[in-house]
Amino acid sequence: MQQVDSRTEEVHFGGKLRLYRTKLGLSLGELAKLVHYSKGYLSRIETGEKNASKGLAVRCDEILQAEGELILAYSASGVGRRPRKKATSPIQLPPTARHFTGRQRELSHVDLDVQKQCADRAGTARIMVIDGAPGVGKTTLALQWAHRHAAEFTDGILFQDLHGHGPEKEPLGTHDALAGFLHLLGVAPDAVPVTVRERAAMYRNLVSRRRMLMVLDNAATADQVRSLLPDTPDCTVLVTSRNRLGGLVARDGASRLTLEPLSPDEAATLLRHASTRDLRDENPEALRHVVRLCGHLPLAVRIAAEHYSTGQYSSLAEMITVMESNLLEFLSCLHDPASSVRTAFSWSYQALDEGVAHAFQVMCAHLHKEITPRDAARLLGVPAGVATQRLDALYQANLLVPTEPGRYRCNSLLAAYAGELSDVPAGSLSCICGCNREVS
Ligand SMILES: Nc1ncnc2c1ncn2[C@@H]1O[C@H](COP(=O)(O)OP(=O)(O)OP(=O)(O)O)[C@@H](O)[C@H]1O
Ligand SMILES: [Mg+2]
């Protein structure tokens, strides 16, 4: 059924009730019979002389197939001393990172892709998945793009951390994520429907024909995201995840940007900008060495910058000596789990199935070289098919990177982390695999 526009500033329940009733061709008397209220009472509600109860609003919404519009109008009318909520233009966006550095190519990629989807698609939202390794800068990139383009989303921006990887025990349920969005869209808590299906229908209805941006950050699975996808071409959705979420690309028409670590130059610039100490007189080679040890991962570079800023090291050379003696300890000792490379990695590791976690420990610990499924099978003592599946699971979790078809490597910091977990003696992989190609 065609919707009544919910964007009108003054949401008048009675007016909307009349509109929906007449659209279905029902007389007041007929509606009165269906909802078990008197015709006169309903008439006074329609003219605004009387307020509807919540029960009546919900019943009318169902009978008149208003898909939540009437509940929203009831909720926005402030009946029952509910705080008045605006049904328009929620802007909910965390700030961008300080000293945002580089990523011009990636930002342009998102621009072009969103434009292309705009031209290609008719009835569905534009969806972009930004995936990549832990701490590589996915959220930061999505927020940077969102802030740059905020003015284009005239009907608002919604942001939700879906807790895919983090200190929370479980990813955020779709049920709760939808409730959060409905609340931001002006639905009073007691007017939020009970089931996921109803919540999703109300959410889709409220965002339909609105020019909005949704940032679904830190998603665990494609399924978690699906109920939060609007089915309107005016909305754009940015999803970030440590997982590749191939299903969103295959089934929901999302496009993908897999984020790599910063380039060496970008990482060195970030180190310079994020450090409160002047690094201009430092040897450029020392700067490059620090960021190389950080695997050019922005999270690690920022932690190194913070260490250097404290003044406990007289020079970068001195800091490099400490980094080289125990890199992960150095990158994990700011007494803040969110600023610890080890903790960030552990959230990915703990999400792996047992066999895959074992493969990560055994294979990645010494992966300064590439590995093939045949090497993996020999190393893990499993059939080739199982080894291939485990390599693929690590690739899907962005813990391994393919270098060419059938060959993978592991980022140096993840390899160091796997080494801590592993009891495989250093060097054994190269003996078993016989690989001889070094990967930087
Ligand atoms: N381009 C950048 N410029 C400056 N700082 C950055 C950049 N990218 C990331 N950072 C910083 O690096 C840290 C990690 O970034 P972010 O949280 O975006 O990574 P992530 O990939 O989303 O991590 P996770 O996998 O845990 O979700 C943050 O402190 C962020 O401010
Ligand atoms: Mg993130």
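Our subject is the structure listed above.
Residues numbered from 1 in each chain as written. Chains lettered and ligands numbered in written order. Predicted model: local features only at pLDDT ≥ 70, side-chain atom pairs only at ≥ 80, totals over all residues. Heavy atoms only, no water.

## Comments concerning the environment of Ile303
Within the element layout of this structure, Ile303 appears in helix H14 (residues 298-309). A residue is classified by how much of its surface remains accessible, and Ile303, at 3% relative accessible area, is buried. Placed 27 residues apart in sequence, Ile303 and Phe330 show a C-alpha to C-alpha distance of 8.6 Å. Residue contacts for Ile303: discarding those within four places in its chain leaves Phe330, Leu331, Leu334, Ser339, Ser340 and Val341. (Helix = DSSP H or I, 4+ residues; strand = E, 2+ residues; numbered from the N terminus. Buried < 20%, exposed > 50% of the residue type's maximum accessible area, 1.4 Å probe, protein only. Contact = heavy atoms within 4.5 Å.)

## Observations concerning helix H13 (residues 284-293)
Given 3.6 residues per helical turn, the α-helix brings residues three or four places apart onto the same face. Every buried residue belonging to H13 is among Ala286, Leu287, Val290, Val291 and Leu293, and all of these are buried. Along H13, the residues classed as buried sweep out an arc of 160 degrees about the axis, all on the same side. In this fold, the buried residues of H13 make contact with helix H12 (264-274), H14, helix H15 (316-325), helix H16 (327-330) and helix H21 (412-421). With a side-chain oxygen lying 2.8 Å from the backbone nitrogen of Glu285, the N-terminal cap of H13 falls on Asn283. (Arc of directions from axis to C-beta. Polar contact = N/O pair within 3.5 Å; in protein donor to acceptor, adjacent residues only side chain to side chain.)

## Some points on the packing of aromatic side chains
Counted by the stated rule, this structure contains 10 aromatic pairs. Between Trp145 and Phe153 the ring centres are 6.3 Å apart and the planes differ by 50 degrees, which places this aromatic pair in the tilted class. The pair Trp145 / Phe153 is uniform in exposure class, with both members buried. Their ring planes at 55 degrees and their centres at 6.1 Å tell us that Tyr395 and Tyr408 sit as a pair that is tilted. Placement of Tyr395 in helix H20 (residues 384-396) and of Tyr408 in strand S7 (residues 407-409) is noted, with a sequence separation of 13 residues between them. Of the two residues examined, Tyr395 and Tyr408, each falls in the buried class. One cation-aromatic arrangement involves Arg277 over Tyr308; the distance from NZ or CZ to the ring centre is 4.0 Å. (Phe/Tyr/Trp six-rings, centres within 6.5 Å; stacked < 30°, edge-to-face > 60°. Lys NZ or Arg CZ within 6 Å of the ring centre and 35° of its normal.)

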